There are 4 protein chains.
Amino acid sequence: MTGLFDGTFARGGVAATVSDEAWLRALLEVEAALARAAARTGLVATTAADAVTRACADPAALDLATVVARAADAGNPVPPLVRVLQDAVGPRDAAAVHVGATSQDVLDTALVLLARRALAVVDADLAAAAELAARLAREHRDDPVMGRTLLQQALPTTVGLKAAGWLGGLDGVRVRLAEVVAALPVQYGGAVGTLAASRGSGVDLRAALAEELGLAVTAAPWHTVRLPIADLGGVLGAAAGVLATVAVDVVLLAQTEVGEAAEVAPGRGGSSAMAHKNNPVAAISARACARRAPGLVATLLAAMEQEHERAAGAWHSEWPTLTALLGTVGSAASWLAESLAVLRIDTPRMAATVAGAGNAGPARALTDAVPAPAGADVGEAGAQVDAVLTEHRRLTEGTPDD
Amino acid sequence: MTGLFDGTFARGGVAATVSDEAWLRALLEVEAALARAAARTGLVATTAADAVTRACADPAALDLATVVARAADAGNPVPPLVRVLQDAVGPRDAAAVHVGATSQDVLDTALVLLARRALAVVDADLAAAAELAARLAREHRDDPVMGRTLLQQALPTTVGLKAAGWLGGLDGVRVRLAEVVAALPVQYGGAVGTLAASRGSGVDLRAALAEELGLAVTAAPWHTVRLPIADLGGVLGAAAGVLATVAVDVVLLAQTEVGEAAEVAPGRGGSSAMAHKNNPVAAISARACARRAPGLVATLLAAMEQEHERAAGAWHSEWPTLTALLGTVGSAASWLAESLAVLRIDTPRMAATVAGAGNAGPARALTDAVPAPAGADVGEAGAQVDAVLTEHRRLTEGTPDD
Amino acid sequence: MTGLFDGTFARGGVAATVSDEAWLRALLEVEAALARAAARTGLVATTAADAVTRACADPAALDLATVVARAADAGNPVPPLVRVLQDAVGPRDAAAVHVGATSQDVLDTALVLLARRALAVVDADLAAAAELAARLAREHRDDPVMGRTLLQQALPTTVGLKAAGWLGGLDGVRVRLAEVVAALPVQYGGAVGTLAASRGSGVDLRAALAEELGLAVTAAPWHTVRLPIADLGGVLGAAAGVLATVAVDVVLLAQTEVGEAAEVAPGRGGSSAMAHKNNPVAAISARACARRAPGLVATLLAAMEQEHERAAGAWHSEWPTLTALLGTVGSAASWLAESLAVLRIDTPRMAATVAGAGNAGPARALTDAVPAPAGADVGEAGAQVDAVLTEHRRLTEGTPDD
Amino acid sequence: MTGLFDGTFARGGVAATVSDEAWLRALLEVEAALARAAARTGLVATTAADAVTRACADPAALDLATVVARAADAGNPVPPLVRVLQDAVGPRDAAAVHVGATSQDVLDTALVLLARRALAVVDADLAAAAELAARLAREHRDDPVMGRTLLQQALPTTVGLKAAGWLGGLDGVRVRLAEVVAALPVQYGGAVGTLAASRGSGVDLRAALAEELGLAVTAAPWHTVRLPIADLGGVLGAAAGVLATVAVDVVLLAQTEVGEAAEVAPGRGGSSAMAHKNNPVAAISARACARRAPGLVATLLAAMEQEHERAAGAWHSEWPTLTALLGTVGSAASWLAESLAVLRIDTPRMAATVAGAGNAGPARALTDAVPAPAGADVGEAGAQVDAVLTEHRRLTEGTPDD
């Protein structure tokens, strides 16, 4: 049975990228790349490396039940996986399996691959949400809407500027994500980081492995210096925060009493029996998914304190935590894109609210030291919308000086 | 009375940068810069802006008791501060105070200034710690020490590689800190972000304000899209994690049973009466300070969900949280620099442990698919140390292609 | 200068109970009680214990600057405090200071005293808030208000039931607080918990110390088994959650578009210039204070992993964290009591909203399998209000079977 | 495929109690009990209630795929489940399904049932661990072991007292767990808590439902006042902390350099190839599982701020979070019981360490104001062990006044 809550918390494409199968594929991919890198470095025969690559490409032929069964006793799944791979390729090529590596080398690198793949999906959903926000910003560039501070009506702004705020946040997250992904490093150091089992070719092998997998390379292993994990946690936490802030705006605009926006999705949120009710399910779900992130990030950060050459527990705690974090932030992104895709803006009602708020002149006086000229109700909202959209185009289309 | 625990948790230079006085100075600095920016933009007279600048430069002459007393009723300290400043400059120049701004513009920008100043101190302590780690890496480049995984003796590594790991982490944090600081943006949008009270010159004024303060500028306000706060939280959480992982290594090397390192600081940690005991107080304190970070980061990330044009509570919760986070991470950095400065490495005992572990050959077999050549006990430890040191030099000295 | 944000985050009476002065008083109180307990147990002369008690009662006469100055080097403030006390009582009575104790005995017990005192203030504010909620529940027992689910109007409920929900939560927290406070234990075990320095009278001395301070006693020290800290963290986290959920209801009822309730506090939240705006500052501030709690609780829980007989950092991290947690939850309670004290309910507008929602019959059908009889719009709201009020009376007045 | 990390993070019996199947069973159990309670209250015919009970008892006959498929659109799985149940019992008995309830009534009550079942397993593992700790305390009551503070050797204590500390913590958690479980309440209030759809029998039905399920009853619904969730979070966080502190002691005693204890589990942690290495896998895994708890608890506490009559996202975020929390704390308990079951204590080495520490007399002087009599090295360790064991017997065997 698919998970009872998966429709909510394993939304969109991200779930498949953080599944057990995805983890296993990533582990095998690392072992295969490691064999090829070892061949390139001259440590094993190319034919042997090819055998390993073939074995890794065919998980169905491997005794994975044994891997799963023995993972906990070994402390992690890599030792039994290595044995299963060695069995699969036979004694002649077994030496090409797991060359010079320690379990953490393979598991950390697999985690990085998994994260990269998940983040590609997250990024696609963020991009979709951003595109929808951009369209809202363009289409409603000058449509007035009441600005609300501390949940009190304050002064008018525009739908365009509101959407541009969302867009700026989503694009900002994407820029950060891209930087983190580009810097994701391979892990390779051997048992205690010295590369002692790599017959003098460890540094070269690490570089070759990084090249095989398209990852960055570090000057030394990061077995217990977990900056790449912190980078992932940080950017996912930031993404969750931006997704949540957009989602809460949608939820609040959709309040019955505000009624300035609604998710219009047939078969969702509403009811023939309860015609006046239309829950913004997508935005609510985005919020629910995003709210799981801060605690998970805290767990990852607390786990950075790792002892000597390999941590006795903190390292392990990263696996389910980062997996859950990727999944829930990806789900939030998917939901938010769904929400914005079906968001219907009620500009007449918005305009009526602004008009109904009456003489906003005195109100403005509170925060303005300089009296605003008549008619400039929304100030430079439009110019700011344009500026955000220009940045968005630069991000999505690229520019000569990019 | 200075705080009872300040010697531990408000260590080094960072405390002064996050004090109430520092907050107030930052707020005044923003108001002064705002007046000058308004003058440059032509919104107020230069003489009026000068009056504001002078008033802000002399906090002692301001009725700050009233500001403090009225801050809570106003929801934040800026409204009473504005009134006090207007009183100070007199009716003729009062219009040059707080031009077109909302409280959050000033408070957020002040927070950014405060954070930048605190991070400069944090960075200096990180740099000091890094320099000490670099020295250890150089001086003990090839000195053997037992590598320990899951707190079990595993295979030999070198003090150099261990210290290089610390160095790589500390330098990695510094690189990230520098990026975050360079991107810290000014906040300026007026009541609801439209710049409606800036008489058509808001975008220009924002740019001028950013220039006055040496901050980055954004295309739209970030009143409820809190990426700059997330960036600060993320990098401070990462810093805490790296500091903690170095500190725990020191604590573990200093264990009585390991005894391979000790903090040698007269008048601290030891006792004439208890000659055999020498608590590594600095490393322990670094760990204590660092452990406060993950929860505080989680609070900041959870606060990113902010409603409409200004959040009803989440925004406010950032102030004490970020202040505490800067203070505790800065203290951790200060303590770690102290710890490494007085760390005495017992290389003979380290060597004896390695020697005493006997025939490490069979052990290596576990993780090595390729048998290691005789004598290559620490593999490419030295080469990796050199690579980390090279990166360190590039970071600290700069290079042509920087 | 009082803290710039203290009006918001150090609200009400709790701040004074968690100040540095309060900490010092608590430490001295423990040392005094310890001397008396030692006298009662026959370990020191009563005259010596009296001397210690007198010295502890007069902090102004002690060289506390030295205590503060040396606390960090000693790892905590107790060793220098003991020395200062020994100096104060002179060589004849010095042996009556700190009898058989380790620093953690005194610091943990002081923390417990501090927490108890702070919780008494928190409880008083919770009680005040509960009383105000009870009054609302009574006075508006049957006044209709629209029930809102997922921030959408759903079906009518009553102000009485809404307030009864708040009341039940506040009373529930008070019951839990009382249980935690009643179980708060003394700490006394000596250096490693064996009572080896208590000359065979340690268990008796612990009991006497508990009696002196009105604390519970445990069968063994809890130096590294931190259940009392977890209890405090848990109940404070729960309190923050209940305070936040009441506060968010007030904020949402006070939304301009809802306008069914308002904080009416002259000189706060409103503005003569901005007549339509009236920020519910107290509720917003309660929410801000409460939101700092979950992260702090996580820090305390993460710190429960403590090594051997005394933790190298985790223990220390409790001090500022629990202090901040008590302060911020206490402030939230104080703010919420203020909010409810000035909350004006607009029952006509509430009734109009309910009436305006029109034919609620079909809507009810969605969730009801059983058609509701005509007129029973708010079902058994009243009966439930009465039940909550009855429980409230039982809690506040006591009953024969209490 | 079973999960790759399930052997580590879904350990022991708890996993089955928090699975999707367990969730579904719990939901059906609540619907069945609700029908019976409605029959007892006279709202539906007994025959109809029986039909519902039968349908709920046979999940295989229900179209659960549809439930899963439609859950997300509905916002939660209950609406499609109700429809499937109504289809299953046919039009005649459909009115006996979900009588007067709202989705949250069923989901919250199911969550409570799920938690109770999971906690029973957690408690059994805690009890097993406690029994093993008790045996250690008895068997090694007077065996000396070096006490270590701040990871430095301090003064001797006994294995008995160390184990008694663990025992006290585990028993303390069990007492708290029992209190939380005993107070777990049913949820029943209808759409907005008024019981408006229960035809005047809602309060009675709630009581009957509570009786059917053996749950406590509250005076009003707790739809947005989440104290039961806070109670669960608090006690699970406390449990994790105690499990972690015992686990870290085992890990530290098993350090190669300390070598005073070892997990002796054939086929785990050790290696024929690496004879000198014996990772305490169970303790390490307990620690890894426990470390996930604080962040999850923070998420639950942050989710307590719930809007009006049903929260728009915070409520939903509880489901995966509490499920994960129960699973990981249960796994930690299972691992710790495994660890203690195979823990071999090396008393001769412990004694040698104590003896080798030489003249401990001067050391004691540091913390002792009263000179310890000769020979009383471990003070009242034994008496304290006995006291803890007495409490343990009282807890496990019950006493007349229990």
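Remember, predicted model here, so these are calculated numbers, not experimental data.

Asker: Residue-level account of the interface of chain C and chain D, with values.
Answerer: Taken together, the contact between chain C and chain D spans 90 residues of the former and 91 residues of the latter. Scanning the region where chain C abuts chain D turns up eight salt bridges. R291 of chain C serves as the salt-bridge partner of E305 of chain D, at 3.2 Å between the closest nitrogen and oxygen. Inspection of the region where chain C meets chain D yields 36 residue pairs in polar contact (both at pLDDT 80 or more). The element that contributes the greatest number of residues to the side of chain C that touches chain D is helix 10 (residues 227–253) of chain C, accounting for 13 residues. When grouped by side-chain class, the residues that make up the side of chain C that touches chain D number 48 nonpolar, 25 polar and 17 charged.

Asker: Could you give an account of the relation of the copies chain B and chain A, with specific residues and numbers?
Answerer: To go from the first copy of the chain to the second, apply a rotation about an axis and then a shift along the same axis. With an axial shift of 0.0 Å and an RMSD of 0.0 Å, the rotation relating chain B to chain A amounts to 180 degrees. Such a combination of turn and shift is consistent with a two-fold rotation axis. Judged by C-alpha distance, G234 of chain B is the residue of chain B that lies nearest the rotation axis, at 2.4 Å. In this assembly, 99% of the residues forming the interface of chain B have copies in chain A that are likewise at the interface, indicating an isologous arrangement.

Asker: Outline the relation of the copies chain C and chain D, supporting the account with residue identities and numerical values.
Answerer: By a simple turn and slide, chain C fits onto chain D: the slide is 0.0 Å along the axis, the RMSD is 0.0 Å, and the turn is 180 degrees. Here 100% of the contact residues of chain C are again contact residues in chain D; the copies associate through an equivalent surface.

Asker: Lay out the pairing of strand 1 (residues 144–149) of chain B with the relevant residues and their values.
Answerer: The buried count for strand 1 of chain B comes to five of six residues, which makes it a mostly enclosed element. The turn linking strand 1 of chain B back onto strand 2 (residues 152–158) of chain B is made up of two residues, and L150 of chain B within it adopts a positive phi angle of 55 degrees.

Asker: Describe the packing of helix 8 (residues 159–183) of chain A against helix 16 (residues 381–397) of chain A, and please don't skip the residues or the numbers.
Answerer: Residue and element names in this part refer to chain A. It is at 9 Å that the axes of helix 8 and helix 16 come closest, and there the two elements cross at 30 degrees. The pairing of helix 8 with helix 16 is recorded here as roughly parallel in orientation. Helix 16 is crossed by helix 8, and the crossing has left-handed handedness. Between helix 8 and helix 16, the contacting residues are G160, L161, A164, L167, G168, D171, R174 and V175 on the first element and A381, Q384, V385, V388, L389, H392, L395 and T396 on the second. The residue inventory of the contact of helix 8 with helix 16, partitioned by class, reads nine nonpolar, five polar and two charged.

Asker: Kindly report on the nonpolar core, identifying the contributing residues and their values.
Answerer: In terms of nonpolar packing, the biggest core is built from 580 residues, with L340 of chain A together with L340 of chain D touching the most fellow members. In contact with L340 of chain A, other than residues within four places in its own chain, are A129, L132, A133, W166, V246 and V250 of chain A.

Asker: Tell me what's going on with helix 13 (residues 314–341) of chain C, and back it up with residues and numbers.
Answerer: Given a rise of 1.5 Å per residue, 28 residues ought to cover 40 Å, and the 40 Å separating the end C-alpha atoms of helix 13 of chain C matches this to within 8%. Of all 28 residues that make up helix 13 of chain C, 25 are buried, and the element is covered over most of its length.

Asker: Break down the pattern of salt bridges for me, with residues and values.
Answerer: A complete count under the given rule lists 84 salt bridges over all chains for this structure. A salt bridge links D231 of chain D to R176 of chain C; its shortest N-O distance comes to 2.6 Å. With D231 of chain D in helix 10 (residues 227–253) and R176 of chain C in helix 8 (residues 159–183), the pair connects residues from two separate chains. The class of D231 of chain D is buried, set by a relative accessible area of 18%. Looking at R176 of chain C, the relative accessible area reads 23%, which means it is partly exposed. Each of R11, R268 and E338 of chain A together with D73 of chain D takes part in salt bridges that share partners, so that together they form one network.

Asker: Kindly report on the pairing of strand 2 (residues 152–158) of chain C, identifying the contributing residues and their values.
Answerer: All names here are of chain C. Of all seven residues in strand 2, seven are buried, a share of seventy percent or more. Pairing of strand 1 (residues 144–149) with strand 2 involves five bridges; the strand directions are antiparallel. Within strand 2, the position partnered with V145 by the bridge is T157.

Asker: For the confidence of the model for chain A, give the residues involved together with the corresponding values.
Answerer: All names here are of chain A. Averaged over every residue, the pLDDT of chain A is 93; residues scoring 70 or more account for 92%. Across residues 359–376, where pLDDT falls below 50, the model places 32 contacts with residues more than four positions away in sequence or in other chains. If you check the scores for this complex, the pTM reads 0.96 and the ipTM reads 0.95.

Rules used throughout
- Residues numbered from 1 in each chain as written.
- Chains lettered and ligands numbered in written order.
- Predicted model: local features only at pLDDT ≥ 70, side-chain atom pairs only at ≥ 80, totals over all residues.
- Heavy atoms only, no water.
- Contact = heavy atoms within 4.5 Å.
- Salt bridge = Lys/Arg side-chain N within 4 Å of Asp/Glu carboxyl O.
- Polar contact = N/O pair within 3.5 Å; in protein donor to acceptor, adjacent residues only side chain to side chain.
- Helix = DSSP H or I, 4+ residues; strand = E, 2+ residues; numbered from the N terminus.
- Nonpolar A, V, L, I, M, F, W, Y, C, P; charged D, E, K, R; others polar.
- Least-squares fit on C-alpha atoms with pLDDT ≥ 70 in both.
- Buried < 20%, exposed > 50% of the residue type's maximum accessible area, 1.4 Å probe, protein only.
- Pairing = 2+ DSSP bridges.
- Axes fitted to C-alpha atoms, helices over the stretch in contact; angles between N-to-C directions.
- Parallel < 35°, antiparallel > 145°, perpendicular 65-115°, else oblique.
- Left-handed = near helix turned anticlockwise from the far one by under 90°.
- Core = buried A, V, L, I, M, F, W, Y, C linked by side-chain atoms within 4.5 Å.
- Expected span 1.5 Å × (residues − 1).
- pLDDT = per-residue confidence, 0-100.

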